[in-house]
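Structural characterization, general
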Amino acid sequence: MAIRKKSSKSPPVLSHEFVLQNHADIVSCVAMLFLLGLMFEITAKVSIIFVTLQYNVTLPATEEQATESAFLYYYGIKDLATVFFYMLVAIIIHAIIQEYVLDENYISDPTILWRAYPHNLMTFQMKFFYISQLAYWFHAFPELYFQKTKKEDIPRQLVYIGLYLFHIAGAYLLNLNHLGLVLLVLHYFVEFLFHISRLFYFSDEKYQKGFSLWAVLFVLGRLLTLILSVLTVGFGLARAENQKLDFSTGNFNVLAVRIAVLASICITQAFMMWKFINFQLRRWREHSTFQAPAVKKKPPVTKGRSSRKGTENGVNGTVTSNGADSPRNRKEKSS
C-alpha cells in the first residue's frame, strides 16, 4: 500500500481511470450479490458455495481416538468460487484502508478529524456513503413488519436501529462527517468479522476461534472509539478559534453541543460494553455447564472378608445370583 494522489477530474464512465477510481464500489456491489443470494432459498445453494468452505467431512467418534466427531475438509473445484469471493473481500478492505487511512492521513495526521471545521462540503463518495447509510437504517423500520418480527423482539430491534440512525444522522447534520466516517468504518469492520465468524460457525459448530478474535477487537474498537471521540471533540474542537453557533455556515462548535456529542458516544459505548459483558458471561456459564463432567458416585468400600466375597461373586460391582453364597444356594444347602 502507498499514499496516492487524488485527481479532481471526473473520468468518462467505464473508462480505465473510472474503474481505477471506483473499483471498490464496483467490487462491493458484486460481493453484495452473493450475500443477498443467501437470503433467498432459490439462490442460497449457489451463494453458499462462494461464502462458506466446501468439501467438509464428518468423522465419527471412536473410543480409541476421540470422544467427539471431527469435522475435516478436502479440496475440490468449488474452492475456486470461495477464493474468488474472499478475493473480492480483500479488495474491499484494501480500498477502505487506502481511501480512509492512507490517503486521508488519519493515522499520521489525526488533526484532519477536526481541522477546518465545519466540514460542510463533502466529496461524492462521502455524501453517497451517508445517504446510503441513512436509507438502509430507515428501511429497517418497515422491514420489521414485512419480516413478521416477533412482538417480544421488536423493542430490542427498535433500540438497535435507533442507535444507528441517531449517531449517523448526528454526524451528518452536525458536520462531523470525518469523525463519523472513521468511527463507522471501525465499527463495521468489527461487525463484519462477527458475521464472517457466524458463517463459519453455521458450517462447523466446533469453530469458535473467530468469535474469540471478534471479542478482542470489539473491546479494542470501543476503546479506540472513545479515544478518537475525546481527541476530536474534547480537545480538537474545544481549542478551535471559531466557537460560535452559526446555522448558515453549519458551525455547531459550542460547549453544549460538544458535551451532548461526547455524552451520547460515551453512553452508547458503555451500553454496548454492558451488553457484551452480559453476553460473554452467559455464554461462559452455558459452556461451563455443558462441559462439566458428570460426577460418578463410587460404591462404598468395606474392609474385611465380606468385601472380598462381594468382589468374587460380583461383576462390575453388581452381585450375581450365581455365587456360592446366593440365597438360592443357601436354601438348597439347608434342604
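Predicted model only: the values in this text are computed from it and were never measured.

Bringing the packing of aromatic side chains into the picture now. Evaluated as defined, the whole model comprises 21 aromatic pairs. Their ring planes at 15° and their centres at 6.2 Å tell us that tyrosine 164 and tyrosine 188 sit as a pair that is stacked. Highlighted residues: tyrosine 164 in helix 6 (residues 154–173) and tyrosine 188 in helix 7 (residues 177–203), separated in sequence by 24 residues. Taking the relative accessible area as the measure of exposure, tyrosine 188 reaches 24% and is therefore partly exposed. The interplanar angle of 65° and the centroid separation of 6.0 Å between the aromatic rings of phenylalanine 194 and phenylalanine 211 together place this pair among those described as edge-to-face. Here phenylalanine 194, found in helix 7, pairs with phenylalanine 211, found in helix 8 (residues 209–236); they are 17 residues apart in sequence, far enough to count as distant.

Attention now moves to empty space enclosed by the protein. Space left empty within the atom packing is revealed by a probe, the size of a water molecule, rolled over the atoms. Evaluated as defined, the whole model comprises one cavity of 30 Å³ or more. Tyr117, Leu174, Leu176, Val233, Leu237, Phe252, Asn253, Val257, Arg258 and Val261 are the residues that line the largest cavity. Looking at the lining of the largest cavity, the element that brings in the most residues is helix 9 (residues 255–291), giving three residues.

So, about the side chain of threonine 52. Among the secondary structure elements, threonine 52 is positioned in the loop between helix 3 (41–51) and strand 1 (56–59). Excluding anything up to four places from it in sequence, threonine 52 contacts Thr82, Leu199 and Ser203.

Procedures and definitions
- Residues numbered from 1 in each chain as written.
- Predicted model: local features only at pLDDT ≥ 70, side-chain atom pairs only at ≥ 80, totals over all residues.
- Heavy atoms only, no water.
- Phe/Tyr/Trp six-rings, centres within 6.5 Å; stacked < 30°, edge-to-face > 60°.
- Helix = DSSP H or I, 4+ residues; strand = E, 2+ residues; numbered from the N terminus.
- Buried < 20%, exposed > 50% of the residue type's maximum accessible area, 1.4 Å probe, protein only.
- 1 Å grid on protein atoms, 1.4 Å probe; cavity = no way out; pocket = protein on both sides within 12 Å on 5 of 7 lines; lining within 4 Å.
- Points joined across faces, edges and corners; volume = space filled by probe spheres on them.
- Contact = heavy atoms within 4.5 Å.

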